[in-house]
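Read off the chains here:
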Amino acid sequence: MPARSAPESIPSTEILNTLGEFIASPPDGTPPEVVEALARMGGNSADPLPPLLFFEAVEQSPIAISITDAQAIILYANRAFEELTGYTRDEVLGHNESLLSNNATPTNIYQQLWRTIQARQTWSGTLVNRTKWGGDYLAELIITPVIDRDGELKYFLGMHRDVTKVHALEGALHQQKARLETVLDAAPVIVALLDSAGRVILDNQEYKRLLGELQGREPAEVLRAALGEQLGLDPFVACLEQGRAFKNIEVSLDIRGQSSTRWFACSLNPVDESDASARSYFGESMPGERRLLLLANDITSRRREIERAHLENLRARLAEQQLMHGMREALAAAVYQIQVPLNVIQAASGMLRDGVGHPEILATLLDQINESGIKALATLTAALPEETREAGVRVNVNKLLRQVLELETQRLLADGIVVDWRPATLLPELNGHKNQLRAMFKHLIDNAIQALRESGRANRELVLTTRPLDRGVEVEIQDNGRGIASEDRYRVFEPFHIGWRDRRGRSGMGLALSQEIVNAHGGSIEVDPDFTGGCLMRLSLNAVFADD
Ligand code: FAD
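Computed from a predicted model, the values in this text were never measured in an experiment. (Residues numbered from 1 in each chain as written. Predicted model: local features only at pLDDT ≥ 70, side-chain atom pairs only at ≥ 80, totals over all residues. Heavy atoms only, no water.)

Below, the discussion takes up the overall build of the protein. Helices and strands together make up the secondary structure of the protein, namely 15 helices and 17 strands. Here the C-alpha radius of gyration of the protein, 48 Å, is well above what a compact globule of 548 residues would show, namely 24 Å. Each principal axis of the C-alpha distribution contributes one length, and for the protein these read about 185 × 50 × 45 Å. Residue burial in the protein is summarised as follows: out of 548 residues, 34% are buried. (Helix = DSSP H or I, 4+ residues; strand = E, 2+ residues; numbered from the N terminus. Rg over C-alpha atoms; globule rule 2.2 N^0.38 Å. Buried < 20%, exposed > 50% of the residue type's maximum accessible area, 1.4 Å probe, protein only.)

Put into structure tokens, the structure is as follows:
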């Protein structure tokens, strides 16, 4: 096949004029087909688009264009083709388009390509091409069959462009998506992105796990119903229509087949997507679709822990009440019994004063006093509460303090106390008595609340700090309340010392018992003498504890 070069440029006006003259009065004997062909090439004055203009348009197009015969032998290639492939026209004309193949495109693609174009249809697809210099590029190619006047398929028109960068971008996008999914799946929180109709469009492994547990019921819908019940409104509608966000709303679910209730802390956030319509390309954008991000954290174990602490606290209070009741009864009996020897003593002393006390009678009276005194003593001894023995376990002081704070939340809120909780990030576990320590911390925090209340201050602060020590932990309970006078610094730890203005319900034994508990844990407790902004109670507990 002879190589054909493209004309350099549009023929000059001169040539067109000469052509016009020739067509206007062709020499005798000129075949009419020749006149028609030339007339078509030159066009006429009434036709503003001469055919050569179409050729130039193709020639100057920025897309690589080639025309082949029916066997894909290249008959024409434009400038962009030369630039993209690196081949000059002379190097490709007369050669098959396979010249561009880098042999990485699967054969079935070519087979499908050929089936399509031979069926006189347009084929479009992507092939891996190689330039003259050996560099690979992805060619997005469109091949259109060109049918001649007689209805024969004689040529193919191929148009292709380099889409390597687009492919790289798509790859990066897929990678980014895969990374995002990995992160979401690793998160120990239920995550779901919902569209404006409440349908799940993205979720993670935790969400799928709950879906399995709910035996196919959509977790988003189940949580929506539970949240609706809790809030008294449909949170999805409020979030999607009014853009409202909800944070850490705790709901419970009773899941079929599971013996205990599950608890979730749920958050909802509206997510406004950017406008992806064509109109937004130059900046003018419409509001994009609003999505809803649902996060749910399984807090069942934390709830159970709090419930357990509540129960333990209740139980302890009940036991305390029962103990008090028993002691009151025993003391009342002892008071009654003590009355007897007192009466006898009174009678004996009267007799002695009047000088009528016969030694025999006095001895009998003393015996009676002794006897009823022993009885009263026995009653009092029986009323003494037995010390409860609690086994030593590993104790996390941070956890214990957090539990106590949870228990005290209502009181702290009611008194307008701001809690500044400063736990040590790493705290060694102690071998200790959990209930004793919990009761002690509760007592110390109760004291701080009382001190703040009696101070009448507007800004009430409670600072709780924990620190690791060499062989234990240090705890500070600091309030900006009424403080403890320096002369009372040691007396407050004495039994029955009550320094409160409001003495109701106080026995004056709390700090004495606290000191006993701290000592039993190998530590010490003191009121910081240098702290003047209220009261700073500092105590240490040792990690090594001799279990009794
Ligand atoms: P081949 O053995 O030539 O072909 C592989 C398979 O393709 C064959 O098994 C057969 O099923 C089918 N096939 C090939 N030629 C014919 C035919 N004449 N009739 C029927 N079926 C046939 N290829 C590229 O790699 N890059 C391009 O940019 C490119 N552009 C093209 C543009 C046009 C306009 C046309 C018509 C074709 C183009 N081709 C292009 C396809 C090219 O002609 C080759 O078919 C392809 O490169 C495979 O060549 P090959 O030598 O690797 O395998």
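What follows continues from the structure just given.
Turning to the site of the ligand, a few remarks are in order. In the vicinity of the ligand lie 19 residues, with Asn 96, Tyr 110, Trp 114, Gln 118 and Asn 129 positioned nearest. Here a nitrogen atom of the ligand sits 3.3 Å away from a polar atom, N or O, in the side chain of Gln 71. Taking Gln 118, its side chain carries an N or O atom lying 3.2 Å from a nitrogen atom of the ligand. Coverage of the ligand by the protein amounts to 74% of the 900 Å² it exposes when considered alone. Those elements giving two or more residues to the shell around the ligand turn out to be helix 6 (107-118), strand 3 (123-130), strand 4 (136-147) and strand 5 (153-162). Ranked by residues supplied to the shell around the ligand, first place goes to helix 6 with 5 residues. Counted by class, the shell around the ligand contains 9 nonpolar, 9 polar and 1 charged residues. (Near = heavy atom within 4 Å. Polar contact = N/O pair within 3.5 Å; in protein donor to acceptor, adjacent residues only side chain to side chain. Areas by Shrake-Rupley, 256 points an atom, 1.4 Å probe, with all protein chains shown as cover. Nonpolar A, V, L, I, M, F, W, Y, C, P; charged D, E, K, R; others polar.)

We now examine the nonpolar core. Core analysis: the largest hydrophobic core is formed by 35 residues, its most contacted members being Val 397, Phe 441, Met 537, Leu 539 and Leu 541. Sorting the residues of this core by element identifies helix 13 (397-414), helix 14 (434-455), strand 14 (460-469), strand 15 (472-479), helix 15 (510-520), strand 16 (524-527) and strand 17 (535-542) as the ones contributing at least two each. Leaving out residues up to four positions away in the same chain, Leu 539 has contacts with Met 440, Phe 441, Leu 444, Val 473, Glu 474, Val 475, Val 518, Ser 524 and Ile 525. One finds Tyr 207, Leu 227, Leu 240 and Phe 264 within the second-largest nonpolar core, a separate group that totals 26 residues. (Core = buried A, V, L, I, M, F, W, Y, C linked by side-chain atoms within 4.5 Å. Contact = heavy atoms within 4.5 Å.)

One frequently used descriptor of interface size is the decrease in accessible area upon assembly of the parts. The domain architecture assigned to the protein consists of domain 1 (12-162), domain 2 (187-276 + 286-298), domain 3 (304-383) and domain 4 (393-542). Between the C-alpha centres of domain 2 and domain 3 there is a distance of 65 Å. (Domains from an automatic or database assignment.)

Across residues other than glycine, the phi torsion is negative in most instances, and most of the peptide bonds are trans. Phi is positive for Asn 103, which is not a glycine, with a value near 65 degrees. With respect to the secondary-structure elements, Asn 103 resides in the loop between helix 5 (89-92) and helix 6. The exposure class assigned to Asn 103 is exposed, which follows from its relative accessible area of 71%.

Our next topic: the pairing of strand 9 (residues 262-272). Looking at chain direction, strand 8 (residues 246-253) and strand 9 are connected through 6 bridges and run antiparallel. Residue pairing in the sheet places Ser 252 in a bridge with Trp 263 of strand 9. One ladder, built from 9 bridges, connects strand 9 with strand 10 (residues 290-298); its direction is antiparallel. Residue pairing across strands places Ser 267 opposite Leu 295, the latter belonging to strand 10. (Pairing = 2+ DSSP bridges.)

Turning to the packing of aromatic side chains, a few remarks are in order. Two measures describe an aromatic ring pair: the distance that separates the ring centres and the angle between the ring planes. Under the defined criterion, the tally for this structure stands at 2 aromatic pairs. The ring centre of Trp 263 lies 3.7 Å from the NZ or CZ of Arg 303, which sits over that ring. (Phe/Tyr/Trp six-rings, centres within 6.5 Å; stacked < 30°, edge-to-face > 60°. Lys NZ or Arg CZ within 6 Å of the ring centre and 35° of its normal.)

Examined against the element boundaries, Gly 283 turns out to sit in the loop between strand 9 and strand 10. On a C-alpha basis, the gap between Gly 283 and Leu 400 in space is 56 Å, while along the polypeptide they are 117 residues apart.

Turning to the sheet that holds strand 16, a few remarks are in order. In space, the 5 strands of this open sheet follow the order 12-14-15-17-16, with mixed pairing throughout. This sheet does not close on itself; its edge strands, each paired only once, are strand 12 (417-422) and strand 16. On average, adjacent strands in this sheet sit at an angle of 10 degrees to one another, irrespective of strand direction. Relative to strand 14, strand 12 runs parallel, the two being bridged by 6 bridges. (Axes fitted to C-alpha atoms, helices over the stretch in contact; angles between N-to-C directions.)

Among the structural elements, Ser 101 can be located in the loop between helix 5 and helix 6. Engagement of the side chain of Ser 101 in a polar contact is seen with the backbone nitrogen of Asn 103, the distance being 3.1 Å. A distance of 3.1 Å separates polar atoms of two side chains, one belonging to Ser 101 and the other to Tyr 110. Apart from the residues within four sequence positions on either side, Ser 101 is in contact with Tyr 110, Val 128, Asn 129 and Arg 130.

On to the sheet that holds strand 5, then. Working definition: the strands of a sheet are paired by backbone hydrogen bonds and lie parallel or antiparallel to each other. Taken in spatial order, the 5 strands of this open sheet run 2-1-5-4-3, and their pairing is antiparallel. One side of each edge strand has no neighbouring strand; the edge strands of this open sheet are strand 2 (74-77) and strand 3. Neighbour-to-neighbour, the strand axes of the sheet open up by a mean angle of 30 degrees, direction not taken into account. By the bridge criterion, 3 bridges tie strand 1 (residues 64-69) to strand 2 in an arrangement that is antiparallel. Counterpart to Ile 67 in the pairing with strand 2 is Tyr 76. Running at roughly 140 degrees to strand 3, helix 6 makes contact with strand 3, strand 4 and strand 5 of the sheet.

Time to look at helix 11 (residues 300-354). In this model helix 11 runs 79 Å from its N-terminal to its C-terminal C-alpha over 55 residues, within 8% of the 81 Å that 1.5 Å per residue would give. Here helix 11 has its buried residues at Thr 300, Glu 305, Ile 306, Ala 309, Glu 312, Asn 313, Ala 330, Ala 334, Pro 341, Val 344, Ala 348 and Gly 350. Once helix 11 finishes, Gly 355 follows within two positions and takes phi at roughly 75 degrees, a positive value. (Expected span 1.5 Å × (residues − 1).)

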